[in-house]
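One letter stands for each residue in the lines below.
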Amino acid sequence: MVTCLLRISRISLSIIVVIFSIYGLIVNNQEVLPINLFLLGIIMFSFGISELQQRKRTGTFYMLVSALLFYGVLKTALLHVH
């Protein structure tokens, strides 16, 4: 049940990231980049949860990558606050 929910959320978030990326490329809008990074962080976090449930060591790597993505989003958001 939980793995099915994680799979559905990963697929839907991946579709949203692709849509935002295509929008940013077509319109030449760089303001959607922090949103993409945040959503990619959520996707990597869900990968980490599913890997940890399966007792694989790569789950901690996914958690680390998601933490770095969240750090990048926070840093980008704080730089653009006036």
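Quantities reported herein were computed from a predicted structural model and do not represent experimental measurements. By convention here, each chain's residues receive numbers from 1 onward along its written sequence. Restriction of local features to residues with pLDDT of at least 70 applies here, the model being predicted, together with a cutoff of 80 or more for giving and counting side-chain atom pairs; totals for whole chains, interfaces and linings are based on all residues. As a convention, hydrogens and water are excluded, and side-chain values are obtained from all of the structure's heavy atoms.

> Help me understand the overall build of the protein, please; the structure alone is not making it clear to me.
Under the scheme used here, helices are H or I runs from DSSP no shorter than 4 residues and strands are E runs no shorter than 2 residues, and both carry numbers assigned from the N terminus. A tally of helices and strands in the protein yields 3 helices and 0 strands. Starting at the N terminus and walking to the C terminus, you meet the elements of the protein as α-α-α. Projecting the C-alpha coordinates of the protein onto the three principal axes gives extents of approximately 40 × 25 × 15 Å. Note on classification: 1.4 Å probe, protein chains only; a residue is buried when its accessible area is under 20% of the maximum for its type, exposed when over 50%, partly exposed between these limits. Here the protein, with 82 residues, has 24% of them falling under the buried criterion. Excluding contacts between residues fewer than 6 apart, the proportion of contacts in the protein whose partners are at least 24 apart in sequence is 49%. In the form shown here, the protein has an accessible surface area of approximately 6,200 Å², with 73% of it arising from carbon and sulfur atoms. In this analysis, two residues are considered to be in contact whenever any of their non-hydrogen atoms come within 4.5 Å of each other. Working definition of accessibility: Shrake-Rupley area with a 1.4 Å probe, residue cover restricted to the visible protein chains.

> Is there a simple way to think about the packing of aromatic side chains in this case?
For any pair of aromatic rings, geometry is given as the distance between the ring centres together with the angle between the planes. Each pair of aromatic rings taken from Phe, Tyr and Trp, with Trp reduced to its six-membered ring, is defined by centres within 6.5 Å and is described as stacked if the planes are under 30 degrees apart, edge-to-face if over 60, and tilted in the remaining cases. In the structure shown here, the tally under the stated rule is 3 aromatic pairs. Ring plane angle 50° and centroid distance 5.5 Å describe the contact between Phe38 and Phe70, whose orientation is recorded as tilted. Highlighted residues: Phe38 in helix H2 (residues 33-53) and Phe70 in helix H3 (residues 58-79), separated in sequence by 32 residues.

> Is there a simple way to think about H2 in this case?
Think of an α-helix as turning once every 3.6 residues; residues three or four places apart then point the same way. The span one expects for a helix is its residue count, reduced by one, times 1.5 Å. Over its 21 residues, H2 extends 30 Å from the first C-alpha to the last, a length consistent with the 30 Å expected when each residue adds 1.5 Å. Among the residues of H2, Asn36, Leu39, Gly41, Ile43, Met44, Ser46, Gly48, Ser50 and Glu51 are the ones counted as buried. Backbone geometry just downstream of H2 places Arg55 in the positive-phi region, at approximately 60°.

> Would you mind going over the confidence of the model for the protein with me for this structure?
Low pLDDT means the predicted coordinates in that region are not meant to be read closely. Here the protein shows a mean pLDDT of 82. Residues at 70 or above account for 94%. Per-element averaging of pLDDT across the protein places H3 at the bottom with 81 and helix H1 (residues 2-27) at the top with 86. One confidence number per residue, pLDDT, is output by the predictor and ranges from 0 to 100.

> I keep staring at the side chain of Glu51 and nothing clicks. Help me out?
As for its position among the elements, Glu51 is in helix H2. The side chain of Glu51 is buried and forms no salt bridge, while Lys56, the nearest opposite charge, is found at 4.2 Å. Glu51 has contacts with Lys56, Thr58, Gly59 and Tyr62, leaving out every residue within four places of it along the chain. Counted as positive: Lys and Arg. Counted as negative: Asp and Glu. His and the chain ends are not counted at all. Each salt bridge in this description consists of a side-chain nitrogen of Lys or Arg and a carboxyl oxygen of Asp or Glu lying within 4 Å of one another.

> Sorry, what's going on with a nonpolar patch on the surface here?
A cluster of nonpolar side chains, contributed by Val18, Ile22, Tyr23, Ile26 and Val27, occupies part of the molecular surface with about 490 Å² of accessible area. Within the element layout of this structure, Ile26 appears in helix H1. Note on Ile26: relative accessible area 68%, which makes it exposed. Each patch is built from residues lacking any salt bridge and having more than 30% relative accessible area; the joining distance is 9 Å for like charges and 5 Å for nonpolar side chains (Val, Leu, Ile, Met, Phe, Trp, Tyr).

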